Each structure stands twice: as structure tokens, then as C-alpha cells.
Number of protein chains: 2
Amino acid sequence: MRYLVYPVQGNDTSVYKSVYLPMTCTNVITNLSRHISLTKEECDLISSKVRQVELKRKKVIIHEGQVAKDVAFVLSGCLRSYSVDDNGFEHILQFAPAEWWITDMYSFIAQQPAYLTVEAITDSEIALLSRKDQLDLFDQIPKLERYFRILTENSLVGTRQRLIDNLSLTAKQRYENFCNLYPSLINEIPQKLIAEYIGVTPEFLSKMRTQLLRSR
Amino acid sequence: MRYLVYPVQGNDTSVYKSVYLPMTCTNVITNLSRHISLTKEECDLISSKVRQVELKRKKVIIHEGQVAKDVAFVLSGCLRSYSVDDNGFEHILQFAPAEWWITDMYSFIAQQPAYLTVEAITDSEIALLSRKDQLDLFDQIPKLERYFRILTENSLVGTRQRLIDNLSLTAKQRYENFCNLYPSLINEIPQKLIAEYIGVTPEFLSKMRTQLLRSR
DNA sequence: CTGTTTTCTTAATCTATGTTATTGGTTACT
DNA sequence: AGTAACCAATAACATAGATTAAGAAAACAG
């Protein structure tokens, strides 16, 4: 399975929760505990640094051109990161359903202006951790650094793999990749956004889908 | 200038040196000194860890599937990193003319099996630094860590920008981008490789080039 | 609940890029 | 030097995917 490049993001175990259902929020600690063992004190310390926030649909948390102060963990709902090209077209780099992390990784790490915008696709609840608090936590809980280091490495590999895929795969294959990586999103977000992610027009995605349906 | 994303790699100052000319090798220390100030002792320490190697054309230094032990600094000649897709087509991720660094960044950092192959395009001279020696140097010369951290961040941004470019630009624009990023390579490496980099067939690149020539 | 906006589908047409094949020119091998 | 292997150019033809347009369905806001 070439596409499970985000092991610590729990995309294999999580089930997308529609915003129309009552939300049962996983919190950051529960997710972290699945990957590293934490004492009660460490959990409390992390909790004290994390700010829980409710986000309305279309609300932006990372703005292009500004430094990304925070990395966000999605408790419920779904966010996306994208860049806008010179013709005004948006290109989606990543989706983040429940239990995924999202930010402009470069901006967050280097504390340089972001190239990306990060925005809620649906009403969502997220947990925010600032770069400063993150670095403080690394000092006090060294094993956390490993967790985030792997997260960053996966982000690097994921981006690189998508570049290679865009150079070598057809639109249909890229759509299948999307379905494997984000199974929970297929029927939950506008197709328009899926088209933006795989790099085709919404019209062409619609055509592909009817072809895929008929061939079954 | 959106494309100068490798500031510490000196691509703006370096001139590609043909392998047919006598080689005047810049060494690693000279390059590092341009970005951070080093004492005599620190220079000697770094020199003691760096192994200078001559590479014949087509010689591979990082093998897909094996852990990338080293990061390479190109003294003369040119290398490339690429991945091979399921149909046997090669896709070039990066070129490294003189004064650029190259490796499978993910494999090198995470010490996991590489997805990429790194190979000499022309007879080259390179300087190799192992991951272990690099980490030792970080302990003894902390400012080196900053230098390599920025290198890694630029690799992240560069890959991401290429992904966005492949989603939003035409082949002609991507060729122009290549020319800006690697001006020294345009007439020095086979066009076939340039085509692989920008993601078109060699035939189509040839067609584009005659169009560009006629339009001037 | 209703009018407005957004999204999805379908179809006709168009275009950028791929494919295949041929030719001639370089470079490498012995 | 001679042959093999590779590389660039060109052209005719093929196709994946874009564009445009229009109507239907869904989602949203007041």
C-alpha cells in the first residue's frame, strides 16, 4: 500500500463524522496516546498548551503571506490547505478530516510567510498548538519531538509522491488514489474540491465517475 | 522571483563547468563559508568528516530501496535524483550541478529505504557526508544545523512548488521555470532529461523549443 | 418555506500533449 | 575507422482532458 504515508494521522482507523450528527470529539491526547506513551503529568502539560476552537465553514486559520503560528489537529469536520495560482485557480495540497494534522508545514517550521491558505470545508472543531508551545513541549517531553518529526517527514514524502503521481498517472488513477487516501471524504465534500485536488476540471471528474460507475 | 527557493545552494552564483574543461573544484568549506562563519578548527573538523569521491557518468550513489547513508555536495559535473514508475518511466525530482547538495532527503533524514535513485549525469566529483557524521558535526558546530535545516526546508518548499506548478502551469511555462532554476544546464545535459524533469515527452519538448525560437 | 447560490451532469467542440515512425547527427565501443 | 547505441528534429495522427454552455438538483440564507 504505497499510499499509507501518514501513519500517525490515523486515517486508516478514523471514520469521518458528518457535521449533521452529534459530534463525539476525539481529543489530541487520545490520539497521541495511540502512538507514544504519556504519563498523567505529560498529558496535563500538553492539554494546557492546546487551545480548542470551533470553526465555521469557510473560516480561514492560516492566511497566505502571514506566518503560520499554529498547527491544527482536527477533532471533527474537515479542513483543506490550498494555494491560489496567478489565474485565480485554487490547488488543494491536503485535506484534513478528523484526527489529521494540518498547517502550512513550511511556514510553521521555518516561521516564514505561508504560501498556503488553510480553511474549514465544513463546520469543524480543532485543537491548535502554537510553534512556541510546541518547541517548549519538545524540551519537556522529548518523545513528542519524534512524533512530530515523523509527521513532518511524512508530509515531505506525501508531497513528493503526489508530484511523481502527477507526472506519471492518469486522472483516473489519481482519483483512485484520492479514494484510497481519504475514503471518508468521497461522499462528504463537494466533488469540485476533489477535482481541485487531483488536478482536473469538475466537469471531467463528473465524466470519469459516470464511466467508473458504468464499468461495474 | 518565486523560483529562487534554494538560496543556500548557490545556483545563482555558480557557473556550470563542463567536464571537458580542466576542473577547478570549489570545495565544501568554501561554499559553507559563504553562508556561515567558521573558525579554522571548525573547517578542519568538517574536512575530516567529508569524503571526496570521483564519479563516472551513470554511476549511482543512492539506490532505491536502500537507506541513503550520505548527502552529496557536487564539486564538479552534475547529478540527478529520480524515481521509476510502474511502467518503467523515470521522473526526475532534482538536478544538482556544481555547488548543489543532493540525496534522497527523506531517506537520509529518516534513515528509511529510499524511493529515489541518485546518479551522475556526467563524470563528476562530489563530497560525501554521512548521516552519522552530520549529526556528530551538529553537536560540535551548532550553526551547521541551521544551515542544513534551511536546506531541508527549501527542499520541502521546492517539491511543493513543483507540485503546484504541475497542477497549474502549461508545459511551456514549466520549461521556462526549468531554464530559470538551472540556467547552466540548458545546453549541457541531454534534452531527454529536461523533458523527464518537466513531465513531457522529448518529442514535445523539441516541438516547444522550435516554437520558442521562431517566436523571437 | 422560498428565492438565491452553489454544485452536478451532460454534451459538443477544441487544444495541448502523446504516439509512432522516419531521418540524420553525435557519441561511445572495439 | 567502422559499427552500434544514443539523441534530436520533424511530421502525421491519436487522445486525454479543457472549455463552453445549459439545465437540473441540491444546499443555503433570510
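Note that this is a predicted model, so its numbers are computed, not measured. (Residues numbered from 1 in each chain as written. Chains lettered and ligands numbered in written order. Predicted model: local features only at pLDDT ≥ 70, side-chain atom pairs only at ≥ 80, totals over all residues. Heavy atoms only, no water.)

Re the relation of the copies chain A and chain B
Definition in use: A least-squares superposition brings the copies together, and it is based on the C-alpha atoms of residues with pLDDT no lower than 70 in both. Between two residues, a contact is recorded if the distance between any of their heavy atoms is within 4.5 Å.
Turning chain A through 180° and shifting it by 0.0 Å along the axis lays it on chain B, with an RMSD of 0.0 Å. A rotation of that kind, with that shift, is consistent with a two-fold axis. Taking C-alpha positions as reference, the residue of chain A nearest the rotation axis is A:L163, located at 2.5 Å. Mapped onto chain B, 100% of the interface residues of chain A are again interface residues, and the two copies thus contact each other with one and the same surface.

Some remarks on the protein's contact with DNA strand C
The following threshold applies: One heavy atom within 4 Å of a molecule or strand is enough for the residue carrying it to be called near that molecule or strand. Whenever two N or O atoms come within 3.5 Å, that pair is a polar contact, provided that in protein one can donate a hydrogen and the other can accept it, and provided that, for residues adjacent in sequence, both atoms are side-chain atoms. Counting from the N terminus, the helices are DSSP H or I runs at least four residues long and the strands are E runs at least two residues long. Gly is placed with the polar residues, together with every amino acid not listed as nonpolar (Ala, Val, Leu, Ile, Met, Phe, Trp, Tyr, Cys and Pro) or charged (Asp, Glu, Lys and Arg).
With respect to spatial proximity, 14 residues lie near DNA strand C, and among them A:Q191, A:K192, A:S206, A:T210 and B:A171 are the closest. Restricting the count to atoms of DNA strand C within 4 Å of the protein gives a sugar and phosphate share of 69%. Interatomic distance of 2.7 Å between a backbone N/O atom of A:Q191 and a phosphate oxygen of DNA strand C. Of all the secondary-structure elements, those providing two or more residues to the surface near DNA strand C are helix 7 (191-198) and helix 8 (202-214) of chain A together with helix 8 (202-214) of chain B. For the surface near DNA strand C, the per-class residue count stands at four nonpolar, six polar and four charged.

Focus on the interface of chain A and chain B
Note the following rule: As used here, buried area is the combined drop in accessible area, with a 1.4 Å probe, of two parts when they are placed together. What makes a salt bridge here is a side-chain nitrogen of Lys or Arg within 4 Å of a carboxyl oxygen of Asp or Glu, nothing more.
On the chain B side, the residues contacting the 29 residues of chain A number 29 residues. For the chain A face of the interface with chain B, the top three residues by lost area are A:R160, A:L163 and A:L167, together amounting to 25%. Taken together, the links from chain A to chain B amount to two salt bridges. Here A:R160 and B:D104 are joined by a salt bridge, their closest N and O atoms 2.8 Å apart. Every element with two or more residues in the side of chain A that touches chain B is listed here: strand 5 (90-97), helix 3 (105-110), helix 5 (142-168) and helix 7 of chain A. The element that contributes the greatest number of residues to the side of chain A that touches chain B is helix 5 of chain A, accounting for 13 residues. Its residues assigned to classes, the side of chain A that touches chain B shows 14 nonpolar, eight polar and seven charged.

Concerning the pattern of salt bridges
Residue and element names in this part refer to chain A. The condition that has to hold: Type-normalised accessible area, obtained with a 1.4 Å probe on protein chains alone, sets the label of each residue: buried when under 20%, exposed when over 50%, and partly exposed for intermediate values.
One pass over the full model with this rule turns up 24 salt bridges over all chains. For K143, the salt bridge identified is with E42, shortest N-O distance 3.4 Å. Linking K143 in helix 5 with E42 in helix 2 (residues 40-49), this pair joins segments that are 101 residues apart in sequence. What makes E42 buried here is its relative accessible area of 17%. When salt bridges with common partners are traced through the structure, they connect R80, E90, E119 and E196 into a single cluster.

What to know about unusual backbone geometry
Backbone geometry at A:E99 places phi at a positive 75°, although glycine is not the residue there. Mapped onto the fold, A:E99 is located in the loop between strand 5 and strand 6 (101-102). Not every positive phi belongs to a glycine, and B:Q111 is a case in point at roughly 55°. Assignment of secondary structure puts B:Q111 in the loop between helix 3 (105-110) and strand 7 (117-120).

Considering the layout of surface pockets
Our working definition: A cavity, in this analysis, means grid points on a 1 Å lattice covering only the protein atoms where a 1.4 Å probe fits yet has no way out; a pocket is instead an open set bounded by protein on both sides within 12 Å along at least five of seven lines, and a residue lines either one if it has an atom within 4 Å of a point. Grid points are joined across faces, edges and corners, and a volume is the space filled by probe spheres set on the points.
The space that makes up the largest pocket amounts to roughly 920 Å³. Looking at the largest pocket, it is lined by 32 residues, and the ones nearest its centre are A:I109, A:R149, B:I109, B:R149 and B:T152. Mapped by element, the contributors of at least two residues to the lining of the largest pocket are helix 3, helix 4 (131-140) and helix 5 of chain A together with helix 3, helix 4 (131-140) and helix 5 (142-168) of chain B. In the lining of the largest pocket, the residues fall into 19 nonpolar, four polar and nine charged.

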